[in-house]
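# Topology and contacts: notes
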There are 2 protein chains.
Amino acid sequence: MQYQQFKHCGLNVALNMLSGKWKPIILYHLFHQQEMRFTELWRIIPKVAKKVLLEHLKQMEAHELIIREEKHTFPPEVYYRLSERGKALGPALSALELWANEYAADEVTELKQRKKVTA
Amino acid sequence: MQYQQFKHCGLNVALNMLSGKWKPIILYHLFHQQEMRFTELWRIIPKVAKKVLLEHLKQMEAHELIIREEKHTFPPEVYYRLSERGKALGPALSALELWANEYAADEVTELKQRKKVTA
DNA sequence: CAGTATCCGACCGGATACTG
DNA sequence: CAGTATCCGGTCGGATACTG
């Protein structure tokens, strides 16, 4: 057995922080854009309800994966960006991505098809 | 930005296959034990309902992460083990585990505490 | 032993309307 | 613009009892 070194507790913690329908795509965009306003995120992500997006962002902030920065102006401007902890997820997410593309390619392309259709 | 190489679709697929309250611990044990009977799994995992455990195993089998082998005897014996696809998850899971222990150590130890108490 | 059948409560994602 | 309030339906984890 080659990969015995992981214990499930850390796994639980990590998966828990990643669970949420839109969190992967949020992370994906924050990795690319560095910093995004709430509405930017909202427009880029097809049809998520504002409430839900806010909930996810709040959770991720509570988990210290992202940082919320609010300019006290009117109208308000709020920026979200990855924390160090969030950035550190990069390699792990890449590994998952790699696995999916190598070992679950069918499901991945199927998902992409569905997104094209529904989007 | 260092880790732009992942796309969220593969992530979605992977996280989807890993989502389920007991899947991490199931994987953990199958990585270590190679092959386990249903009841072994059931006893090792503290208080999961049989129905739920079966559901998770079925899903993981449908996702081709594990292989179910049934000896047609009486009483029946059923063995579960990782498929190639499942084994290939090793590095990705290790990466997540590593991240959790390095960047979310507090949450991990807290979880371990809780497990001690409730178990 | 392994699996199925019911039933249930909690939680989660979502739609809509409203506020500072 | 960003966020809150309410309400709703589906799904998920779970408890219990039964079957081959």
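Every chain is numbered independently, its residues counted from 1 as its sequence is written. Lettering for chains starts from A, numbering for ligands starts from 1, and both go in the order in which the items are written. Where totals are concerned, whole chains, interfaces and linings use all residues; where local detail is concerned, this predicted model gives features only for residues with pLDDT of at least 70, and gives and counts side-chain atom pairs only at 80 or more. As a convention, hydrogens and water are excluded, and side-chain values are obtained from all of the structure's heavy atoms.

### Here we look at the UniProt feature "domain: HTH hxlR-type" (unreviewed entry) in chain A
Which entries qualify depends on this criterion: UniProt positions are given in the numbering used here, feature names are shortened, and annotations may be inferred rather than shown by experiment. Labels follow the DSSP assignment, with helices taken as runs of H or I lasting at least four residues and strands as runs of E lasting at least two, numbered in each case from the N terminus.
Taking the UniProt record as the reference, the feature "domain: HTH hxlR-type" (unreviewed entry) is found at residues 9-108 of chain A. A helix fraction of 63% and a strand fraction of 15% characterise residues 9-108 of chain A, whose end C-alpha atoms lie 27 Å from each other.

### What to know about the pairing of strand β2 (residues 66-71) of chain A
Residues and elements named next belong to chain A. Note the following rule: Strand pairing follows a simple DSSP-based rule, namely that at least 2 bridges must link the two strands.
Relative to strand β3 (residues 77-82), β2 runs antiparallel, the two sharing six bridges. Across the sheet, E70 pairs through a bridge with V78, a residue of β3. In this antiparallel pair of consecutive strands, β2 and β3, the connection spans five residues.

### Focus: the protein's contact with DNA strand C
Stated precisely, the cut-off is as follows: The cutoff for a nearby residue is simple: one of its non-hydrogen atoms must lie within 4 Å of the molecule or strand. For the purposes of these results, a polar contact is taken to be a pair of N or O atoms within 3.5 Å, where, inside protein, one atom must be able to donate a hydrogen and its partner to accept one; residues adjacent in sequence count only when each atom of the pair is a side-chain atom.
A:K21, A:W22, A:K51, B:T39 and B:R68 are the nearest of the 22 residues found near DNA strand C. Here, DNA strand C places atoms within 4 Å of the protein, and 63% of those atoms are sugar or phosphate. At a separation of 3.4 Å, a phosphate oxygen of DNA strand C approaches a polar side-chain atom of B:R43. If you list the elements that add at least two residues to the surface near DNA strand C, you get α4 (50-62) of chain A together with α3 (38-44), α4 (50-62) and β3 (77-82) of chain B.

### Some words on the pattern of salt bridges
All names here are of chain B. Quick note on the threshold: For this document, the term salt bridge refers to a Lys or Arg side-chain nitrogen within 4 Å of an Asp or Glu carboxyl oxygen. Burial classification: accessible surface area is computed with a 1.4 Å probe over protein chains only, and a residue below 20% of its type maximum counts as buried, one above 50% as exposed, and the rest as partly exposed.
Going through the model one piece at a time under the given rule, you end up with twelve salt bridges over all chains. Here K51 and E55 are joined by a salt bridge, their closest N and O atoms 3.7 Å apart. With a gap of four residues between them, K51 and E55 both fall in helix α4, about one helical turn apart. Judged by its relative accessible area of 56%, K51 falls in the exposed class. Residues K87 and E84 are paired through a salt bridge, measuring 3.5 Å at the closest nitrogen-oxygen approach. With a gap of three residues between them, K87 and E84 both fall in helix α5 (residues 84-87), about one helical turn apart.

### What to know about the sheet that holds strand β1 (residues 35-37) of chain A
Residue and element names in this part refer to chain A. In plain terms, the rule: Lines are fitted to the C-alpha atoms to define the axes, a helix being fitted only along its stretch in contact, and any angle between axes, read from their N-to-C directions, falls within 0 to 180 degrees. By definition in these notes, contact holds between two residues if any of their heavy atoms fall within 4.5 Å.
The strand order β1-β3-β2 describes an open sheet built from three strands, whose pairing is antiparallel. Strand pairing shows two members of the sheet lacking a second neighbour, β1 and β2, which therefore form its edges. Within the sheet, the average angular offset between the axes of one strand and its neighbour, ignoring direction, is 25°. Alignment of β1 against β3, held across three bridges, turns out to be antiparallel. Bridge pairing in β3 places R37 opposite Y79. The sheet strands contacting α4 are β2 and β3, and the helix crosses β2 at an angle near 115°.

### Digging into the protein's contact with DNA strand D
Around DNA strand D lies a shell of 21 residues, among which A:T39, A:R68, B:K21, B:W22 and B:K51 are the nearest. Near the protein, meaning within 4 Å, the atoms of DNA strand D are sugar or phosphate in a fraction of 63%, with bases accounting for the rest. Residue A:P76 places a main-chain N or O atom 3.4 Å away from a sugar or linking oxygen belonging to DNA strand D. Here a phosphate oxygen of DNA strand D sits 2.7 Å away from a polar atom, N or O, in the side chain of B:K21. Of all the elements in the fold, those that place two or more residues in the surface near DNA strand D are α3 (38-44), α4 and β3 of chain A together with α4 of chain B. With four residues, α4(A) is the single largest residue contributor to the surface near DNA strand D.

### Here we look at the side chain of B:E107
Checked against the element boundaries, B:E107 lands in helix α7 (residues 105-118). In this structure the side chain of B:E107 is engaged in a polar contact, spanning 3.0 Å, whose partner is the side chain of A:R85. Apart from residues no more than four positions distant in its own chain, B:E107 is found in contact with A:V13, A:M17 and A:R85.

### Examining the interface of chain B and chain A
We apply this condition: Once two parts are brought into contact, the accessible area they lose, counted with a 1.4 Å probe and summed over both, makes up the buried area. Charged means Asp, Glu, Lys or Arg here, nonpolar means Ala, Val, Leu, Ile, Met, Phe, Trp, Tyr, Cys or Pro, and polar covers whatever is left, Gly included.
In this assembly, 46 residues from chain B lie in contact with 47 residues from chain A. Summed over both sides, the interface between chain B and chain A buries roughly 4900 Å², with carbon and sulfur atoms accounting for 74% of that surface. Across the contact surface, chain B and chain A share two salt bridges. Where chain B touches chain A, the interface holds ten residue pairs in polar contact (both at pLDDT 80 or more). Mapped by element, the contributors of at least two residues to the side of chain B that touches chain A are α1 (8-18), α2 (23-33), α5, α6 (90-103) and α7 of chain B. Take the side of chain B that touches chain A: its biggest share by element is eleven residues, from α6(B). Residues of the side of chain B that touches chain A, tallied by class, amount to 28 nonpolar, nine polar and nine charged.

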